[in-house]
Amino acid sequence: MRNSERRLFVNGPDPADKIRTVGGVVLLRDDNAALLQLRDNKPGLNAAGLWVFPGGHCEPGESLEAGARREFREETGYVCAALRWVTRILHPSDDGRLTYQLGMFACRYDGLQPIHCFEGQAVEFILRAQAAFHPMPEYVPRVWDMAIEKLAG
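If you're wondering where the values come from, they're calculated on a predicted model, not measured in any experiment.

Colleague: Describe the environment of Gly120, naming the residues involved and giving the relevant values.
Modeller: Position of Gly120 relative to the elements: it lies in the loop between strand E6 (99–108) and strand E7 (122–126). Each C-alpha atom, one on Gly120 and one on Asp40, is 4.7 Å from the other, the two residues being 80 residues apart in sequence. The residues contacting Gly120, other than those within four sequence positions of it, are Gln37, Leu38, Arg39 and Asp40.

Below is the structure:
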């Protein structure tokens, strides 16, 4: 049964149509290298085995900024200072059943706090010129460039 046909038989909202709100942070060093997280490579995990900005799902009633700060801290141990708004994008899940509304913020790395990997396979600062050598969703380089521009002024 095709999706359009299946929807005819759904009583109430289809959970596959939900938009999931995700907050993320582009943490940039002075050389504009960004902290990226290598996601676990697990079946069913969105962006499995890809490099992404740390972040995650916002809790009900939680603002994008609060969710981005909380998730970033949970995943890296780093407490972000002032966050600058970068962009909001809609990105489909890998299986196409969900849409993620990604609210992205940027922050400069203070050079003092240690970075830890509490989620995923690894976290590391990657130079912008090296992005093409790391598998990542198509939106990551565009958001990275936008974050660099936001923090340049």
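Colleague: Which residues make up the pairing of E6, and what values do they have?
Modeller: The element E6 is largely enclosed, with a buried count of 8 among its 10 residues. Bridge count between strand E5 (residues 84–92) and E6: 8 bridges; the pairing is antiparallel. Bridge pairing in E6 places Pro92 opposite Thr99. If you look at the hairpin formed by E5 and E6, you'll find 6 residues sitting between the two strands, and Gly96 has a positive phi there, around 75 degrees.

Colleague: Lay out the state of the cysteines with the relevant residues and their values.
Modeller: Note: disulfide means a covalent bond formed between the sulfur atoms of two cysteine side chains. Applying the stated criterion across every chain, the model contains 0 disulfides. As a non-bridged cysteine, Cys80 has Cys107 as the owner of its nearest cysteine sulfur, 4.6 Å distant.

Colleague: Run through the pattern of salt bridges, naming residues and quoting values.
Modeller: Throughout the structure, instances matching the rule amount to 9 salt bridges. For Arg69, the salt bridge goes to Glu65, with nearest N and O atoms at 3.3 Å. Here Glu65 and Arg69 lie together in helix H2 (residues 64–76), a separation of 4 residues that amounts to about one turn. Arg69 gets classed as partly exposed once you look at its relative accessible area, which sits at 26%.

Colleague: An account of the nonpolar core is requested, with residue identities and associated values reported.
Modeller: Counting 27 residues, the largest nonpolar core has Val26, Leu28, Leu36, Phe53, Val143 and Trp144 as its most contacted members. Listed by contribution, the elements that provide at least two residues to this core are strand E1 (19–28), strand E2 (34–38), strand E3 (51–52), E5, E6 and helix H3 (139–152). Broken down by element, this core gets its largest block of residues, 7 residues, from H3. Core analysis: the next-biggest nonpolar cluster, separate from the first, contains 15 residues, Leu27, Ala33, Leu83 and Cys107 among them.

Cut-offs applied
- Residues numbered from 1 in each chain as written.
- Predicted model: local features only at pLDDT ≥ 70, side-chain atom pairs only at ≥ 80, totals over all residues.
- Heavy atoms only, no water.
- Helix = DSSP H or I, 4+ residues; strand = E, 2+ residues; numbered from the N terminus.
- Contact = heavy atoms within 4.5 Å.
- Buried < 20%, exposed > 50% of the residue type's maximum accessible area, 1.4 Å probe, protein only.
- Pairing = 2+ DSSP bridges.
- Disulfide = S-S within 2.5 Å.
- Salt bridge = Lys/Arg side-chain N within 4 Å of Asp/Glu carboxyl O.
- Core = buried A, V, L, I, M, F, W, Y, C linked by side-chain atoms within 4.5 Å.

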